[in-house]
Amino acid sequence: MKKSIDYSLYLVTDRPLSLGRSLMEVMEKAAAGGTTIVQLREKECDSRTFVELARAAKKLLDAKGVPLIINDRADIALAVGAAGLHIGQTDMPYQDARRIMGPEAIVGLSVENRDQVKEAASLDADYLGVGPIFATQTKPDAAPAIGLEGLAEIRTITKTPLIAIGSVNLSNAAEVIRAGADGLAVVSAICSQPDIEQASRNLAAAIQKARQ
Ligand SMILES: Cc1ncc(COP(=O)(O)OP(=O)(O)O)c(N)n1
Ligand SMILES: Cc1ncsc1CCOP(=O)(O)O
Ligand SMILES: [Mg+2]
């Protein structure tokens with residue numbers, strides 16, 4: 001049986017946005033503060049570097065019981081035995097990713113609008129990464145923001161876990177949860193904060209409170 005995953009606080013890494021701190025430091029402190037799942041997102045590095053980072057990330061996160069998801073690259077996810085893969089609308093098609101990763105792996109899919117959510121209904125994605133919720137500078141090629149209304153509407157058409165992404169931070173975490181997100185995916189709200197552990201702790205507490 002597939003392991004149940006806590007998607008509450010989903011860190012998506014970004015080394016250039018980490019204020020000079022190492023990937024290991026970011027992940028270590030984020031996990032200490034309550035981050036429940038980590039996606040290694042590397043847009044610039046070569047494959048060798050990506051594998052080495054992923055292997056080191058897995059070792060660190062395994063010791064903390066935090067699952068590691070790899071962005072875009074099924075080959076890297078398989079090479080290091082990661083828990084799963086995240087793909088978007090212009091990445092490898094979902095069915096191919098699922099076949100390669102196997103039935104036990106977590107495979108997450110990005111959706112940017114309600115049509116893509118409807119298309120995803122025929123798939124068995126473990127979660128949908130919905131966004132951007134708000135405009136973000138972190139991903140210059142992101143689709144237009146869907147807002148809290150867009151998220152709430154998507155919530156009504158699927159039961160698949162929804163992970164909200166795109167300028168999600170401490171100031172809007174509660175309303176994003178209340179609009180229907182099962183988890184919050186953040187880059188800058190953790191990676192670019194001076195105190196990563198505290199930022200993670202604050203977000204985890206805000207999520208818990210919003211669910212009460
Ligand atoms: C949790 C989560 N949701 C959405 C995305 C975006 O994925 P994608 O559209 O493939 O864009 P890139 O991240 O590959 O630039 C994500 N990474 N994680
Ligand atoms: C990877 C990604 N996909 C949609 S928005 C985004 C970037 C989110 O970054 P931030 O949390 O800093 O806005
Ligand atoms: Mg992608």
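Residues numbered from 1 in each chain as written. Chains lettered and ligands numbered in written order. Predicted model: local features only at pLDDT ≥ 70, side-chain atom pairs only at ≥ 80, totals over all residues.

Under an unreviewed UniProt entry, the name given to the chain is Thiamine-phosphate synthase, and the source organism is Desulfatibacillum aliphaticivorans. Here the chain is described in UniProt, under the heading Sequence similarities (unreviewed entry), as follows: "Belongs to the thiamine-phosphate synthase family." Quoted straight from UniProt, the Pathway (unreviewed entry) entry for the chain says "Cofactor biosynthesis; thiamine diphosphate biosynthesis; thiamine phosphate from 4-amino-2-methyl-5-diphosphomethylpyrimidine and 4-methyl-5-(2-phosphoethyl)-thiazole: step 1/1." (UniProt positions renumbered as here; feature names shortened; annotations may be inferred.)

Draft legend 1. Fine view of the site of ligand 1. By nearness alone, 18 residues border ligand 1, and Gly88, Ser110, Gly129, Ile165 and Ala185 come closest of all. Counting residues per element, the ones that place at least two in the shell around ligand 1 are strand E1 (9-12), strand E4 (84-87), strand E5 (106-111) and strand E7 (162-165). Broken down by class, the residue content of the shell around ligand 1 amounts to six nonpolar, eight polar and four charged. (Near = placed C-beta within 6 Å. Helix = DSSP H or I, 4+ residues; strand = E, 2+ residues; numbered from the N terminus. Nonpolar A, V, L, I, M, F, W, Y, C, P; charged D, E, K, R; others polar.)

Draft legend 2. Representation of helix H2 (residues 47-62) in the model. With 16 residues, H2 ought to run about 22 Å at 1.5 Å a step, and its terminal C-alpha atoms sit 22 Å apart, in line with that. The inward-facing, buried residues of H2 contact helix H1 (23-32), strand E2 (37-40), strand E3 (68-71) and helix H3 (74-80). (Expected span 1.5 Å × (residues − 1). Contact = placed C-beta atoms within 7 Å.)

Draft legend 3. Representation of the nonpolar core. The biggest cluster of nonpolar side chains holds 68 residues, and the ones touching the most others in it are Ile163, Ala164 and Leu184. Among all residues touching Leu184, those that are not within four sequence positions of it are Leu9, Tyr10, Ala164, Val168, Ala173, Val176, Leu203 and Ile207. (Core = buried A, V, L, I, M, F, W, Y, C linked by C-beta atoms within 7 Å. Buried ≥ 20, exposed ≤ 12 C-beta atoms within 10 Å, placed from the backbone.)

Draft legend 4. Looking closely at the packing of H1 against helix H9 (residues 196-211). Across the interface, H1 lies against H9 with an axial gap of 7 Å and an inter-helix angle of 40°. Comparing the axis directions of H1 and H9 gives the class oblique. Considering how the two elements wind past one another, H1 and H9 form a crossing that is right-handed. Facing Val26, Lys29, Ala30 and Ala32 of H1, the residues of H9 in contact are Ile196, Glu197 and Ser200. Partitioning the contact of H1 with H9 into residue classes produces four nonpolar, one polar and two charged. (Axes fitted to C-alpha atoms, helices over the stretch in contact; angles between N-to-C directions. Parallel < 35°, antiparallel > 145°, perpendicular 65-115°, else oblique. Left-handed = near helix turned anticlockwise from the far one by under 90°.)

Draft legend 5. A look at the pairing of E5. Across the six residues that make up E5, a large majority, six, are buried. Pairing geometry for E4 and E5, over four bridges, is parallel. Paired with Gly84 across the two strands is Ile106, which belongs to E5. As defined by bridge partners, E5 adjoins strand E6 (residues 127-130) across four bridges and the pair is classed as parallel. (Pairing = 2+ DSSP bridges.)

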